[in-house]
Amino acid sequence: MIGILRPYLQYESLQDIPVEDLLAKGIRGLLLDLDNTVAPWNDKSLTREVIDWFEKIKKAGIRACIVSNNQRPDRVSAVADVLGIFYVYKASKPRKKAFYSGLDTLGLQSTEVAVIGDQLFTDVFGGNRLGMKTILVSPIDEKEFAGTKVLRFMERIVGRKARFTRNIRKA
Ligand SMILES: [Mg+2]
């Protein structure tokens, strides 16, 4: 896989990411994708596992902010408020601006922050180019924004070569 598209870590889902590993790697803050990473696309429902995972994150003193390309502030705030974390909406990832506002919100340097998301071309590329650690998770379900489907096709082309070297880690 092209280096800039290669995630630092890869997990099946958000709740599979061990919080103690994040701390051990010096990660003090997270910029999280919303749709299909934290919750299903355009769906407010949060699983018990996701809610519990965020509790662990907070107890560990790791700060979290959602950075979503979703255009609807009410959609993004509905999830962020339940989790008690910050958010940036209409982010235009992989553009740098929203990642910088996320870092400002967290009050942390890029080297202390990991980007977590389900897409190579927005989340992983965006985070890597700013020198952040990136964590790729599998999308929660198949329902997604039409524009995302095009990117998925491209992800498959890029990912094909890398499949054998992928370091998929499950808890
Ligand atoms: Mg997503």
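For the structure, check the block above.
Our subject in this report is the structure included herewith.

About the criteria used
Numbering of residues begins from 1 in every chain and follows the order in which that chain's sequence is written. Selection of residues for local features in this predicted model requires a pLDDT of at least 70, selection of side-chain atom pairs for listing and counting requires 80 or more, and totals for whole chains, interfaces and linings are taken over all residues. Note that water and hydrogens are dropped before the side-chain values are worked out from all heavy atoms of the structure. Starting at the N terminus, helices and strands are each numbered in turn, a helix being any DSSP run of H or I of at least four residues and a strand any DSSP run of E of at least two. Only C-alpha atoms enter the radius of gyration, while the globule expectation follows 2.2 Å times N to the 0.38, with N the number of residues. A 1.4 Å probe rolled over the protein chains alone gives each residue an accessible area, and that area as a share of the maximum for its type sets the label: buried under 20%, exposed over 50%, partly exposed in between. Contacts are assigned to residue pairs with any non-hydrogen atoms lying within 4.5 Å of each other. Using the Shrake-Rupley algorithm and a 1.4 Å probe, accessible areas are obtained, with residue cover drawn only from the displayed protein chains. For the charge count, each Lys or Arg is scored as positive and each Asp or Glu as negative, with His and the chain ends excluded. Each charge is placed at NZ for Lys, CZ for Arg, CG for Asp and CD for Glu. Donor atoms (N, O, S) are those found within 2.8 Å of the metal centre, with the cutoff raised to 3.2 Å for Na, K and Ca; water is not part of the atom list, so apparent gaps in a site can occur. Expected helix span is taken as 1.5 Å per residue step, with the number of steps being one fewer than the number of residues. To obtain the arc, one takes the directions from the helix axis to the C-beta atoms. Put simply, a nonpolar core is a bunch of buried Ala, Val, Leu, Ile, Met, Phe, Trp, Tyr and Cys residues held in one set by side-chain atoms that sit within 4.5 Å of each other.

## Description of the overall build of the protein
Part 1 of the reasoning: Across its full length, the protein carries six helices and seven strands.
Part 2 of the reasoning: Along its sequence from the N terminus, the protein presents helices and strands in the succession β-α-β-α-β-α-β-α-β-α-β-α-β.
Part 3 of the reasoning: In summary, the protein has a C-alpha radius of gyration of 15 Å against a globular reference of 16 Å for 171 residues, a match within 12%.
Part 4 of the reasoning: Projected onto the principal axes, the alpha-carbon positions of the protein cover approximately 40 × 35 × 30 Å.
Part 5 of the reasoning: By the burial criterion, 48% of the 171 residues in the protein qualify as buried.
Part 6 of the reasoning: For the protein, the share of sequence-separated contacts (at least 6 apart) that also reach a separation of at least 24 residues comes to 67%.
Part 7 of the reasoning: Of the roughly 8800 Å² of accessible surface on the protein, 53% is carried by carbon and sulfur atoms.
Part 8 of the reasoning: Charge-centre separation for the protein: the mean point of 28 positive side chains lies 6 Å from the mean point of 20 negative side chains.

## Regarding the coordination of the magnesium ion
Expected angles at a metal are 109.5 degrees for tetrahedral coordination by four donors and either 90 or 180 degrees for octahedral coordination by six donors.
Part 1 of the reasoning: Protein coordination at the magnesium ion comes from D33 (OD), D35 (O) and D118 (OD), with a distance range of 2.1 to 2.2 Å.
Part 2 of the reasoning: In terms of primary sequence, the donors binding the magnesium ion are separated according to D-x1-D-x82-D. Of this pair, D35 sits in the loop between β2 (29-32) and α2 (48-59) while D118 is found in the loop between β5 (113-117) and α5 (120-129), placing the two residues 83 residues apart along the sequence. D118 carries the same exposure label as D35, and that label is buried.

## Structural notes on unusual backbone geometry
Excluding glycine, residues mostly carry a negative phi; peptide bonds, for their part, are mostly trans.
Part 1 of the reasoning: Residue P94 is reached from K93 by a cis peptide bond, and omega for that bond is 15°.
Part 2 of the reasoning: The backbone of K90 shows a phi angle near 50°, a positive value even though the residue is not glycine.
Part 3 of the reasoning: Structurally, K90 can be placed in the loop between β4 (86-88) and α4 (96-106).
Part 4 of the reasoning: In this model, S92 sits at a positive phi of 55°, which is unusual for a non-glycine residue.
Part 5 of the reasoning: Mapped onto the secondary structure, S92 falls in the loop between β4 and α4.

## Focus on the environment of L5
Part 1 of the reasoning: Summarising the element assignment, L5 is placed in the segment before β1 (9-11).
Part 2 of the reasoning: Residue classification places L5 among the buried positions, given a relative accessible area of 6%.
Part 3 of the reasoning: For L5 and P139, which are 134 residues apart along the polypeptide, the C-alpha to C-alpha distance reads 17 Å.

## As for α2
Part 1 of the reasoning: For α2, spanning twelve residues, the distance from its first C-alpha to its last is 17 Å, which sits close to the expected 16 Å at 1.5 Å a residue.
Part 2 of the reasoning: Regarding α2, the residues found buried are V50, W53, F54 and I57. On an axial view of α2, the arc spanned by its buried residues comes to 100°, and they lie on one face. Projecting away from the buried face of α2 at angles above 90 degrees are the exposed residues R48 and K59.
Part 3 of the reasoning: Buried residues along α2 sit in contact with α1 (19-24), β2, β3 (63-67), α3 (73-83) and β5.

## Some remarks on the nonpolar core
Part 1 of the reasoning: L30, L32, V38, W53 and F54 are the most contacted members of the largest nonpolar core, which has 29 residues in total.
Part 2 of the reasoning: The set of elements that each furnish at least two residues to this core consists of β1, α1, β2, α2, β3, α3, β5 and β6 (133-137).
Part 3 of the reasoning: For F54, the contacting residues outside a window of four places in its chain are L14, L32, V38, A64, L83 and I85.
Part 4 of the reasoning: Residues L31, V67, F99 and L103 belong to the second largest nonpolar core, which totals 14 residues.

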